[in-house]
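Fold and contact review
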Amino acid sequence: MDDEAEATQTGAPSPDGGRERRWRLTIGADDETSAALSSDDKRLSAALDALYGDGANAAADPRKRRGGLGRSAPRVAQWMGDIRSFFPAQVVQIVQKDAFERLNLKQMLMEPEFLKAIEADVNLVADLVSLRSVMPAKTKDIARAIIADIVAKLMQRLEQKTVEAIRGALDRSRRTNRPRSRDIDWQRTISANLRHYQPEHKTIVPEKLVGFIRKQRRLVDLDEVVLCVDQSGSMASSVIYASIFAAVMASLPVVRTKLVCFDTAIVDLTEELSDPVEVLFGVQLGGGTDINQAIAYCADRIERPTKSHLVLITDLFEGGNGQELLRRLAALVRSGVNVVVLLALTDQGRPGYNPAMAGSVAALGIPVFACTPDLFPDMMAAALRREDIGAWAAGADIKLIRAEAEAPGMHE
């Protein structure tokens, strides 16, 4: 058998095929020539074309090539995630520098008036966080201020509901007339003080307060929540929301919260949770994905499984050992850890995910679904109460991923 035939049979490219592949990637793949490339090569070609190609007119006239990351090209965070997954760190730095200079991103970020004029949302935060490593110091200060403003607005939107939903350490079966201000039952207090209504002031003087007795809990008795978040480019919005929720939950005295972000490396941001902006600046959006390694890290830090809740936020495209990942998740479930997998934590709630892995995880008895930020506090409260998350999701009109064939590790 000749070398070319053997290479074809084993799936490896022939020498001629390798040269053709490199040429296709160099000049850019159009609809006609892209058939010669694998799906990964097409992603690589699209990522390179977003920076070094011309966008719409490359096929018509290669001489008109110019850089562009406009609306028709991948989002910056997604694009940088693809670049990191294909190239080593040294090359990534060069490509990011090219993007910063060729596409006038530096000029855009140096103009706060422009940034404030566009819609301030999690996608803008993701783009700014993705680019911070190549920002000049002055630009980084502007970006931090803009991120802080967006985070403050998101916190205002999400914090109150999160606090109300998760502050579940109140023993509501017992009442007191000397409650703390945040434990006052206002409906019962108003009813008990109607006779003290002051018409001239149009208000009630609450002579008697009615509230709940706060359950006294030692630190070691608190439930622990571990948010384990995939920070690959496709999960950018989910990382932003997860970081904000982690910061809110960390401020509550009724639960212990940890935040672990991962791609092929692991970043434990638990100590930064007092400052959500600092948390976001610790995130490294983009790169590959090793979920198994991240779950191993979290599992090693869970001391009391029956008081622990692991929320894994990922699209389940595992770049590491998938079978070992399933075995680790199965072991966590058997030990008593309350495991929930969110395929996305975004306003759209319509994720792209690995259906085979999602089905295998669901077969372990783990609820797998996408969740919007507005529903996350209620989901987290249900998890802390150890309610059936599948039933909660059905009640919230959320579609659960159906279990596929029994996953490896269920009974090991």
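Structure: above.
Below you will find a few notes about this structure. (Residues numbered from 1 in each chain as written. Predicted model: local features only at pLDDT ≥ 70, side-chain atom pairs only at ≥ 80, totals over all residues. Heavy atoms only, no water.)

1. Thoughts on the overall build of the protein
Rule in force here: The helix and strand labels rest on DSSP assignments: H or I over at least four residues marks a helix, E over at least two residues marks a strand, and numbering proceeds from the N terminus. Only heavy atoms matter for contacts: two residues are in contact if any of them lie within 4.5 Å across the pair. The accessible surface values rely on the Shrake-Rupley method and a 1.4 Å probe; as for residues, cover is taken only from the protein chains in view.
In terms of helices and strands, the protein carries 17 helices and 10 strands. Contacts in the protein between residues at least 24 apart in sequence constitute 74% of all its contacts with a sequence separation of at least 6. A total accessible area of about 21300 Å² is found for the protein, and carbon and sulfur atoms account for 49% of it.

2. Considerations on helix H14 (residues 322–335)
What counts, and what does not: One fewer than the residue count of a helix, multiplied by 1.5 Å, yields its expected span. Exposure classes here rest on a 1.4 Å probe applied to the protein chains alone. A residue is buried below 20% of its type maximum, exposed above 50%, and partly exposed in between. Throughout, the arc means that of the directions going from the helix axis to the C-beta atoms. In protein, a polar contact means a hydrogen-donor-capable atom and an acceptor-capable atom, both N or O and within 3.5 Å, with residues adjacent in sequence counting only if both atoms are side-chain atoms; elsewhere, any N or O pair within 3.5 Å suffices.
Taking 1.5 Å of rise per residue, 14 residues should cover 20 Å, and H14 covers 20 Å from first to last C-alpha, within 8% of that figure. Turning to H14, its buried residues are Gly 322, Leu 325, Leu 326, Leu 329, Ala 330 and Leu 332. For H14, the buried positions fall inside an angular range of 160° around the axis, keeping them on one side. Considering only its buried residues, H14 is in contact with helix H13 (291–300), strand E8 (308–313), strand E9 (338–345) and helix H15 (355–362). Where H14 begins, the capping side chain belongs to Asn 321, and its oxygen is found 3.3 Å from the backbone nitrogen of Gln 323. Backbone geometry just after H14 places Gly 336 at a positive phi near 110°.

3. Some points on the sheet that holds E8
Put simply, the test is: Only strands joined by at least two bridges in the DSSP assignment are considered to pair. Angles here are taken between N-to-C directions and fall from 0 to 180 degrees, while the axes themselves are lines fitted to C-alpha atoms, restricted in helices to the stretch in contact.
Judged by pairing direction, the sheet is mixed, and its six strands sit side by side in the order E7-E6-E5-E8-E9-E10 without closing on themselves. Sheet topology places strand E7 (266–268) and strand E10 (368–371) at the edges, where each strand pairs with a single neighbour. Strand-to-strand, the axes of this sheet are offset by a mean angle of 25°, without reference to chain direction. Of the strand pairs in this sheet, E8 and E9 are connected by five bridges, and their pairing is parallel.

4. Some details on unusual backbone geometry
Of note, the phi angle at Leu 316 is positive, near 65°, even though the residue is not glycine. Locating Leu 316 in the fold gives a position in the loop between E8 and H14. The phi dihedral of Asp 397 is positive, around 60°, even though this residue is not glycine. Checked against the element boundaries, Asp 397 lands in the segment after helix H17 (389–395).

Treat this as a map of the structure, not an account of what it does.
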